[in-house]
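Structure at a glance
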Amino acid sequence: ASRLAEFDSRETMKTPELHHSCGRWVDMPLKVGVLGAGAVGAYVGGLIALRSKSDVVMVGRRRFVDQVSAGGVTLRPDPRRPRDVHSIRPMHVTVDDDPKALAGCDIILVAVKSTATADAAAQLERIAERGGFPPHALVLSLQNGVGNGSILVRALEKHGVATLPCMVNFNVVWDSYASDDVRDGCRIRRCTPAKPGMPCVGIHDLPERAVADGTGLVDHPSVFAAKKANLAAFVEALRETGLAVSLERDILPVLYGKLLINLQSPVNALSGAPVPTTLSRRRFRMAWRALVLEALDVYDACGIKPKRPYVPFLPFVLALPDWAYNAAASLLFPLDPGCKSSMLQDCETGRATEIDALCGEIVRLARRNANRARDEDAGAGGEGGGDARGIARGIGRALAAFGFGFGSGRGSGRRGRTAPLNARAIELVKRLERIGLPDGRMGPDELWEALTR
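The sections below set out a description of the structure shown in this document. Computed from a predicted structure; not experimentally measured. (Residues numbered from 1 in each chain as written. Predicted model: local features only at pLDDT ≥ 70, side-chain atom pairs only at ≥ 80, totals over all residues. Heavy atoms only, no water.)

Quick notes on the overall build of the protein chain
This is how it is decided: Helix and strand assignments come from DSSP, with helices taken as H or I runs of at least 4 residues and strands as E runs of at least 2, each series counted from the N terminus. Each residue gets one of three labels from its accessible area relative to the maximum for its type: buried under 20%, exposed over 50%, partly exposed in between, using a 1.4 Å probe on protein chains only. By definition in these notes, contact holds between two residues if any of their heavy atoms fall within 4.5 Å. The accessible surface values rely on the Shrake-Rupley method and a 1.4 Å probe; as for residues, cover is taken only from the protein chains in view.
The secondary structure content of the protein chain amounts to 17 helices and 14 strands. A burial count over the protein chain gives 53% of its 453 residues as buried. Residue pairs in contact within the protein chain that sit at least 24 positions apart in sequence constitute 77% of those at least 6 positions apart. Total accessible area computed for the protein chain in this model is approximately 20,200 Å², and 53% of it derives from carbon and sulfur atoms.

Below, the structure is given as structure tokens:
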């Protein structure tokens, strides 16, 4: 920090396009690294390399490195314009399978699966221990779930590297993942168009001043100002790609809102079909709806208020008849016919899924609610009326199954203490991981019966 003592933080805030290097400010490209260059990581990194002045380093599996080295990266950023294709030649982007290549990056985007977050955190920590990141470096988590940021914080905050959780609000498919010919390159297609009034990427904003808030932000004021300028420069680079970006003072409500959308992933994976095909069937939508309603009960018991403009309407929309839903979907949120959840893509390629970070988060919150309620009940000497509450919960579940009411157990004093539907979804997806597709595929009635039995 002492070598930054002469740095003028006010000038930093006026010139976000400049970043710090070797103790002085110079006009040079932002260096952006991607750890976990799969579908999302390679898409975002590719867009930044294509449309901004930033230098990009992408670290991924050997298959990814071979594809990009041989055939570059091809992006289709707009599902409404399939002929809008952009190519990045191999010499215009750096790819590697060794995380050490990220040393010196100003921004590090973590896009590994949630199952690999602990390993990614350890890899970044080893670089940070050797002083491999500049003082203003920021780590951004572009991952599903809500717990990845805390894992990264625990590994990196002691080294002064700030971690910012993010929300990614679009779906992409890596079309060439299974290609045997690496000369085809890495081909990635976005499957969901931009939604009016909604960001494509939400980023947890830095506070106004350096504080010990669990993100590694206990800094000399000039270093913290450099981090602020670094974030501003990255946001500008993202916006140059055409992605709408929002800075959030509190990202957790945003992540919990996104989690409700991610709860369609197990339904899509178990259906074995693209998302538009899955959601065109009411029984599949009702399965997703049941998981959402149960999650909302758990959120309510936790005091979590998800930030998502359509959350109040989602259960109603999912319960519509097929003809009404399909008409509304085609107008309001059209999807690429080949759109697939990342969980279905994982099952198709034999990889572990993120089910524990999605439905598992709901189950863990419910268990926490139950433990807290048990302590409170013990302190109050217990309560009566258990039979009546059980009957009320049974009626609530029956109404919810046919699209009425708000959720299983809503209005009951014990709501949100269990999450049996999400727990069952975990079991079904784990079974799917073991037996694979197409053997593990389930029809809409079969899935509904298995989920609610």
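Re the packing of aromatic side chains
What counts, and what does not: Side-chain rings of Phe, Tyr and Trp, where Trp is taken by its six-membered ring, are said to pair if the distance between their centres is within 6.5 Å; with planes under 30 degrees apart they count as stacked, over 60 as edge-to-face, and otherwise as tilted.
Per the counting criterion, the structure on display carries five aromatic pairs. Their ring planes at 80 degrees and their centres at 5.0 Å tell us that W174 and Y177 sit as a pair that is edge-to-face. Accessibility classification places W174 together with Y177 in one group, the buried group. Between Y256 and Y299, the ring centres sit 5.2 Å apart and the planes meet at 75 degrees, which makes this aromatic pair edge-to-face. A residue pair is termed long-range when its members are at least 10 positions apart, and Y256 in helix α7 (residues 252–262) and Y299 in helix α10 (residues 282–302) qualify at 43 residues.

Focus on the packing of helix α8 (residues 264–271) against α10
Under the convention used in this document: Between N-to-C directions, angles cover 0 to 180 degrees, with each direction set by a line fitted to C-alpha atoms, over the stretch in contact for helices. Roughly parallel covers angles under 35 degrees, roughly antiparallel covers those over 145, roughly perpendicular covers 65 to 115, and oblique covers all other angles. Should the near helix be turned counterclockwise from the far one by less than a right angle, the crossing is left-handed, whereas a clockwise turn marks it as right-handed. For this scheme, ten residues count as nonpolar: Ala, Val, Leu, Ile, Met, Phe, Trp, Tyr, Cys and Pro. Four count as charged, namely Asp, Glu, Lys and Arg, and the remainder, Gly too, count as polar.
The N-to-C vectors of α8 and α10 enclose an angle of 150 degrees; their axes lie 8 Å apart at closest approach. Viewed along their axes, α8 and α10 adopt a mutual orientation that is roughly antiparallel. Viewed along their axes, α8 and α10 form a crossing whose handedness is right-handed. Between α8 and α10, the residues in contact are Q264, P266, V267 and S271 and F284, A287, W288 and L291, respectively. Its residues assigned to classes, the contact of α8 with α10 comprises six nonpolar, two polar and no charged.

Some details on the sheet that holds strand β3 (residues 31–35)
Selection criterion: Pairing between strands is defined by DSSP: at least two bridges between the two strands are required.
The eight strands are arranged β7-β4-β3-β8-β9-β10-β13-β14 in an open sheet whose pairing can be described as mixed. Since the sheet does not close on itself, it has two edges, and those belong to β7 (94–96) and β14 (245–248), each with one partner. Between one strand axis and the next, the sheet turns by 20 degrees as a mean value, whatever way the strands run. Taken strand by strand, α7 contacts β10 (162–168) and β14, and its axis lies near 35 degrees from that of β10.

Notes on the sheet that holds strand β11 (residues 172–174)
By way of backbone hydrogen bonds, the strands of a sheet pair with one another, either parallel or antiparallel. Across the sheet, four strands lie side by side as β6-β5-β12-β11; this open sheet has mixed pairing. Two strands close off the open sheet at either side, each with one partner strand: β6 (86–88) and β11. Along the sheet, successive strands turn relative to each other by an average axial angle of 20 degrees, direction set aside. As paired elements, strand β5 (residues 73–76) and strand β12 (residues 186–190) share four bridges and run parallel to each other.

Things to note about the packing of α7 against α8
Where α7 meets α8, the closest approach of the two axes is 5 Å, and the angle between their N-to-C directions is 20 degrees. It follows from the interaxial angle that α7 and α8 lie roughly parallel. Contacts between α7 and α8 involve L260, I261 and N262 from the first element and Q264, S265 and P266 from the second. Grouping the amino acids of the contact of α7 with α8 by side-chain chemistry returns three nonpolar, three polar and no charged.

A look at the pairing of β3
Quick note on the threshold: The path from the first strand over the helix to the second decides the hand: if it runs clockwise while the strands point away from the viewer, the crossover is right-handed.
Burial of β3 is extensive: four of the five residues sit out of reach of the surface. Crossover connection from β3 via helix α2 (residues 39–51) to parallel strand β4 (residues 55–59): handedness right-handed. Note: β3 against strand β8 (residues 107–110), four bridges, orientation parallel. Counted as the bridge partner of V32 is I107 from β8.

Describing helix α5 (residues 148–156)
Convention followed: Arc definition: it is the arc formed by the directions from the helix axis to the C-beta atoms.
Of the positions making up α5, those classed as buried are N148, G149, L152, V153, A155 and L156. Seen from one end, α5 has its buried residues packed into an arc of 165 degrees, which puts them on one side. Those residues of α5 that are buried lie in contact with β8, α4 (117–129), β9 (138–141) and β10.

A word on the environment of K31
Checked against the element boundaries, K31 lands in strand β3. Setting aside chain neighbours within four positions, we find K31 in contact with D55, V57, A103, G104, C105, D106 and I107.

Points about the nonpolar core
Worth spelling out the cut-off: By nonpolar core is meant a set of buried Ala, Val, Leu, Ile, Met, Phe, Trp, Tyr and Cys residues that side-chain atoms within 4.5 Å join together.
Core analysis: the largest hydrophobic core is formed by 59 residues, its most contacted members being L260, L263, W288, Y299, I362 and L447. Take this core: its biggest share by element is eleven residues, from α10. In this view, L260 contacts W288, V292, A295, L296, Y299, P306 and V311; residues no more than four positions away in its chain are not counted.

Looking at the pattern of salt bridges
A side chain of one charge can pair with a side chain of the opposite charge when the charged atoms of the two come close. Going by this rule: Each reported salt bridge corresponds to a side-chain nitrogen of Lys or Arg within 4 Å of a carboxyl oxygen of Asp or Glu.
Applying the stated rule across the entire model yields 21 salt bridges. With a shortest N-O distance of 3.0 Å, D181 and R183 are connected by a salt bridge. Assessed through its relative accessible area of 28%, D181 is described here as partly exposed. Taking relative accessible area as the criterion, R183 reaches 66% and is therefore assigned exposed. The partner of R285 in a salt bridge is D322, and the shortest N-O contact between them spans 3.0 Å. On the criterion of sequence distance, the pair formed by R285 in helix α10 and D322 in helix α12 (residues 322–332) is long-range, its members being 37 residues apart. Given the relative accessible area of 0%, R285 is considered buried. According to the relative accessible area criterion, D322 is partly exposed, its value standing at 30%.

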